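Each chain, letter by letter, is given below.
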Amino acid sequence: CCFEDTPVDEALIFISAVARKSGVMLNLMSETHGGPEPVIPHLQQEDVSALELLKAVCDASVCSFRVEAVGVFVYPKSLAPLTNREEYQPQNEAEQHLLDALKTIMIPRCCFDGNSVDDAMMFLSAVTRDVGFSINYEYVGERDVVIPYLNLEQLSAYDLLRCICR
């Protein structure tokens, strides 16, 4: 593969697509915290594994990556202090019950590309409603925020909610 002035998120789409053709599901996500998408100035690789290519992409674009249960998050090294995410700690038994329920609802696949947070939450609400779980939410963030390209497979409703919030 050859990347020339390629945004990192496009390289992640490429790696995921090649892995999918090989029968492997990879959730790769770019995390920029509202900053510009990192770019790969030039990178050419042959006969490398997905992990080797991911490392090369990160090296070329001055990024790092973090592996979590839901997938791999790639972020600019300059944003490393912002990427430490702690899992939400429920404040009472009712909240714990809700989190446990969200973790059991599996979503086979979802894809967002420039959708609003409202669009993503409507999708999540519809998926959970199909299994008898109702989500009511109030979005208090900026209205013009869009979700960057996300193509995720086999994740819980809880993990999808975490990705939407990121």
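Every chain begins its residue count from 1, and numbering advances along the sequence as written. This being a predicted model, a pLDDT of at least 70 is required before a residue's local features are given, and a value of 80 or more before pairs of side-chain atoms are given or counted; all residues contribute to the totals for chains, interfaces and linings. Only hydrogens and water are removed before side-chain values are computed, so all heavy atoms of the structure are retained for them.

## Focus on the overall build of the chain
Link 1 in the chain: Each helix and strand counted, the chain has 5 helices and 9 strands in total.
Link 2 in the chain: Counting from the N terminus, the helices are the DSSP runs of H or I reaching at least four residues and the strands are the DSSP runs of E reaching at least two. Going from the N terminus to the C terminus, the chain shows its helices and strands as β-α-β-β-α-β-β-α-β-β-α-β-β-α.
Link 3 in the chain: Note that the radius of gyration is over C-alpha atoms, with the globule rule given as 2.2 Å times the number of residues to the power 0.38. Taking 166 residues into account, the globule formula puts the C-alpha radius of gyration at 15 Å, and the chain, at 17 Å, falls close to it.
Link 4 in the chain: Classification of residues uses two cut-offs on accessible area relative to the type maximum, computed with a 1.4 Å probe and protein chains only: under 20% is buried, over 50% is exposed, and between them is partly exposed. The proportion of buried residues among the 166 residues of the chain is 39%.
Link 5 in the chain: Two residues qualify as a contact provided that any one of their heavy atoms is within 4.5 Å of a heavy atom in the partner residue. Nonlocal contacts in the chain, meaning residues at least 24 apart in sequence, comprise 67% of its contacts between residues at least 6 apart.
Link 6 in the chain: Surface accessibility in these figures is a Shrake-Rupley result with a 1.4 Å probe; residues are shielded only by whichever protein chains are displayed. Accessible surface, the chain as shown: approximately 9,700 Å² in total, 53% of it carbon and sulfur.
Link 7 in the chain: When charges are counted, neither His nor the chain ends are considered; positive counts come from Lys and Arg and negative counts from Asp and Glu. For this purpose, a charge sits on NZ of Lys, CZ of Arg, CG of Asp or CD of Glu. One finds the centroid of the 12 positive side-chain charges in the chain at a distance of 3 Å from the centroid of its 25 negative side-chain charges.

## Here we look at the environment of Ala120
Link 1 in the chain: Within the element layout of this structure, Ala120 appears in helix 4 (residues 117-129).
Link 2 in the chain: Here the alpha-carbon distance between Ala120 and Ile147, two residues 27 residues apart in the chain, equals 8.1 Å.
Link 3 in the chain: In this view, Ala120 contacts Phe112, Ile147 and Ile164; residues no more than four positions away in its chain are not counted.

## Here's the deal with the pairing of strand 5 (residues 72-76)
Link 1 in the chain: Most of strand 5 sits out of view: 5 of its 5 residues are buried.
Link 2 in the chain: The two faces of strand 5 match: Val72, Val74 and Pro76 on one face and Phe73 and Tyr75 on the other face are all buried.
Link 3 in the chain: Relative to strand 5, strand 2 (residues 28-30) runs parallel, the two sharing 3 bridges. Paired with Ser30 across the bridge in strand 5 is Val74.
Link 4 in the chain: Two strands pair if DSSP finds at least two bridges between them. The pairing of strand 4 (residues 63-67) with strand 5 spans 5 bridges and is classified as antiparallel.

## Here's the deal with the pairing of strand 9 (residues 150-156)
Note on strand geometry: in a regular strand, side chains alternate between the two faces of the sheet.
Link 1 in the chain: The buried fraction of strand 9 amounts to 6 of the 7 residues, a majority that puts the element mostly inside the structure.
Link 2 in the chain: Sheet analysis places strand 6 (residues 106-112) next to strand 9, joined by 6 bridges and oriented antiparallel. Of the residues in strand 9, the one forming a bridge with Met106 is Ser156.

## Here's the deal with the sheet that holds strand 5
Link 1 in the chain: The strand order across the open sheet formed by 3 strands is 2-5-4, and the pairing between neighbours is mixed. The strands lining the two open edges of the sheet, one partner per strand, are strand 2 and strand 4. With strand direction ignored, the average angle separating the axes of adjacent strands in the sheet is 25 degrees.
Link 2 in the chain: In this description, a line fitted to the C-alpha atoms serves as the axis of each element, helices being fitted only across the stretch in contact, and the angle between N-to-C directions of two axes falls anywhere from 0 to 180 degrees. Contacts from helix 1 (residues 8-21) reach strand 2, strand 4 and strand 5 within the one sheet, and its direction differs from that of strand 2 by about 175 degrees.
Link 3 in the chain: Those strands touched by helix 2 (residues 50-61) are strand 4 and strand 5, and its axis lies near 140 degrees from that of strand 4.

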